[in-house]
Number of protein chains: 2
Amino acid sequence: MGRPKQFEPDVAVDQAMQVFWRQGYATTTPQELARELGIGKGSLYNAFTSKHRLFEMALRRYGEMRVAALEEILERPGPVKPLLRAALQRMAAVPDDALRHGCLAVNTAAELAGKDEIATEVVSAVFSRMERALRNAVERARRNGEIDASCDPDGVAGMLLSVVVGMNVLAKTGGEPQRRLRAVDAALAAL
Amino acid sequence: MGRPKQFEPDVAVDQAMQVFWRQGYATTTPQELARELGIGKGSLYNAFTSKHRLFEMALRRYGEMRVAALEEILERPGPVKPLLRAALQRMAAVPDDALRHGCLAVNTAAELAGKDEIATEVVSAVFSRMERALRNAVERARRNGEIDASCDPDGVAGMLLSVVVGMNVLAKTGGEPQRRLRAVDAALAAL
DNA sequence: CAGATTCTTTACCCATAGGTCAAAAAGAGG
DNA sequence: CCTCTTTTTGACCTATGGGTAAAGAATCTG
């Protein structure tokens, strides 16, 4: 009962995600959020308590999305190498024109890790899950005989995650997408 | 002539570099800078014009340092692979206890690339020079016969740079330094 | 329709950001 | 020791940050 909300909280969190993604946490202001979500500042605080909580919700949702997308690709049946290549290429392929704001998790790690406990924990969890998905894939490839048995799945997974994270940062500074694809190939040559 | 400065501008830029490194650009305030540099806010503005200009100077200096350090290692005589390993390990080896604020260039790329023209240009230049140093090393190794002639130096250099950048981000979220060293080894396995 | 309850609106609040300015202080040159 | 120049100090300023509160609007229950 009571007056019904005039906006969809889920949609609002998505929109907030976009804003934080574009601008970062510190440089995003409540008024900006209110404007972009199309609601008053008061409603915003009533619904989400604080800028920080809204950010947390947006970040968590973002993490779920990305992890799920990665797992979806890597768990497909068949040979693993092409899957890894597809996954990395997709993560490396920043559309180049618009949406060059990198990855929200990476940006957040750079901006807040070590300073904001919650943000640190969330991005840390995201990275761990991605690494695990990569490690699982590598192990599967090893059992398949696709790659050499002597390789260290842990090390390789960490390396692949680093590559992806690094490329997301580098993509923000310019550079052609094609170069990134070559870097992906070089990384996969380690298998 | 005129009253002499009561502080060494070079030293002040170094100190400012530390502050921006720890805290990022946006979250560092003029009063904080003044306090850390041990000078009044007025002096700060008199000497450096604006927070942004001071940041630019600090960032440029930081870039010079890191690029020079990397080149110094990679240009040593002898086999290249151990040099690459040493260079990457050094860049990956965040002391873990203190100084876990990553790399100023990486942090800046994540925070400001695409929004701040000057910052973007500076970090972009730093990354380019690092990549070039890495590429030179890889080419040398290829000429030496240390690594396979079929490898793509451009792609490998881009990959190695990505690894380093990525690890600097990941290091901020925790994780043991040892894992990073294994990731470095995995990356070098691509050679 | 009354009341309870929840949302929205608008005005308001304090602290800080980033910076400026006038006046005082400390040297150099004559 | 007087002036000219540059630094420093400290007060001051405007805009905005992040957030709160009080009053009004919309819905459900009875």
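A short tour of the structure in this document, coming up.

Cut-offs and rules
Residues numbered from 1 in each chain as written. Chains lettered and ligands numbered in written order. Predicted model: local features only at pLDDT ≥ 70, side-chain atom pairs only at ≥ 80, totals over all residues. Helix = DSSP H or I, 4+ residues; strand = E, 2+ residues; numbered from the N terminus. Buried ≥ 20, exposed ≤ 12 C-beta atoms within 10 Å, placed from the backbone. Contact = placed C-beta atoms within 7 Å. Least-squares fit on C-alpha atoms with pLDDT ≥ 70 in both. Near = placed C-beta within 6 Å. Nonpolar A, V, L, I, M, F, W, Y, C, P; charged D, E, K, R; others polar. Axes fitted to C-alpha atoms, helices over the stretch in contact; angles between N-to-C directions. Parallel < 35°, antiparallel > 145°, perpendicular 65-115°, else oblique. Core = buried A, V, L, I, M, F, W, Y, C linked by C-beta atoms within 7 Å.

Counting its regular elements, chain A contains nine helices and zero strands. Along the chain direction, N to C, the helices and strands of chain A fall in the order α-α-α-α-α-α-α-α-α. Put simply, chain A has 191 residues, and 41% of those count as buried. Taking as baseline every contact in chain A between residues at least 6 positions apart, the subset at least 24 positions apart corresponds to 66%.

Let us look at the relation of the copies chain A and chain B. These two copies of the chain differ by a rotation about an axis and a displacement along the same axis. The operation relating chain A to chain B is a screw motion whose rotation component is 180°, with 0.0 Å of axial translation and a residual RMSD of 0.1 Å. The operation mapping one copy onto its partner corresponds to a two-fold rotation axis. When the interface residues of chain A are mapped onto chain B, 100% of them are again interface residues, pointing to one common binding face.

Lining the immediate surroundings of DNA strand D are 26 residues, of which Arg3 and Thr29 of chain A together with Gly2, Arg3 and Gly42 of chain B lie closest. Mapped onto the surface near DNA strand D, the elements with two or more residues apiece are helix 2 (30-37), helix 3 (41-48) and helix 4 (51-74) of chain A together with helix 3 (41-48) of chain B. At five residues, the largest contribution of residues to the surface near DNA strand D is made by helix 3 of chain B. In terms of residue class, the surface near DNA strand D is built from eight nonpolar, 12 polar and six charged.

The interface of chain A with chain B comprises 43 residues on the first partner and 43 residues on the second. Contributing elements (two or more residues each) for the side of chain A that touches chain B: helix 6 (104-112), helix 7 (117-144), helix 8 (153-172) and helix 9 (177-188) of chain A. By residue number, the principal contributor to the side of chain A that touches chain B is helix 8 of chain A, which donates 15 residues. By residue class, the composition of the side of chain A that touches chain B is 21 nonpolar, 14 polar and eight charged.

All right, on to the protein's contact with DNA strand C then. The environment of DNA strand C is formed by 25 residues, the closest being Gly2, Arg3, Gln6 and Gly42 of chain A together with Thr29 of chain B. Taken together, the elements giving at least two residues each to the surface near DNA strand C come down to helix 3 of chain A together with helix 2 (30-37) and helix 3 of chain B. Of all the elements, helix 3 of chain A adds the most residues to the surface near DNA strand C, at five residues. Classifying every residue of the surface near DNA strand C by side-chain character gives eight nonpolar, 11 polar and six charged.

Once that is clear, we can look at the packing of helix 4 of chain A against helix 6 of chain A. Residue and element names in this part refer to chain A. At a minimum axis distance of 9 Å, the contact between helix 4 and helix 6 shows a crossing angle of 130°. Taken together, the axes of helix 4 and helix 6 lie oblique to each other. Mapping the contact onto sequence places Leu59, Tyr62, Gly63 and Arg66 in helix 4 and Leu104, Ala105 and Thr108 in helix 6. Counted by class, the contact of helix 4 with helix 6 contains four nonpolar, two polar and one charged residues.

Grouped burial of nonpolar side chains is what soluble globular proteins tend to show. Formed by 124 residues in total, the largest nonpolar core has its most connected members in Met159, Leu160 and Ala187 of chain A together with Met159, Leu160 and Ala187 of chain B. Discounting residues that sit within four places of it in the chain, methionine 159 of chain B has contacts with Val163, Ala183, Ala186 and Ala187 of chain A together with Ala187 and Ala190 of chain B.

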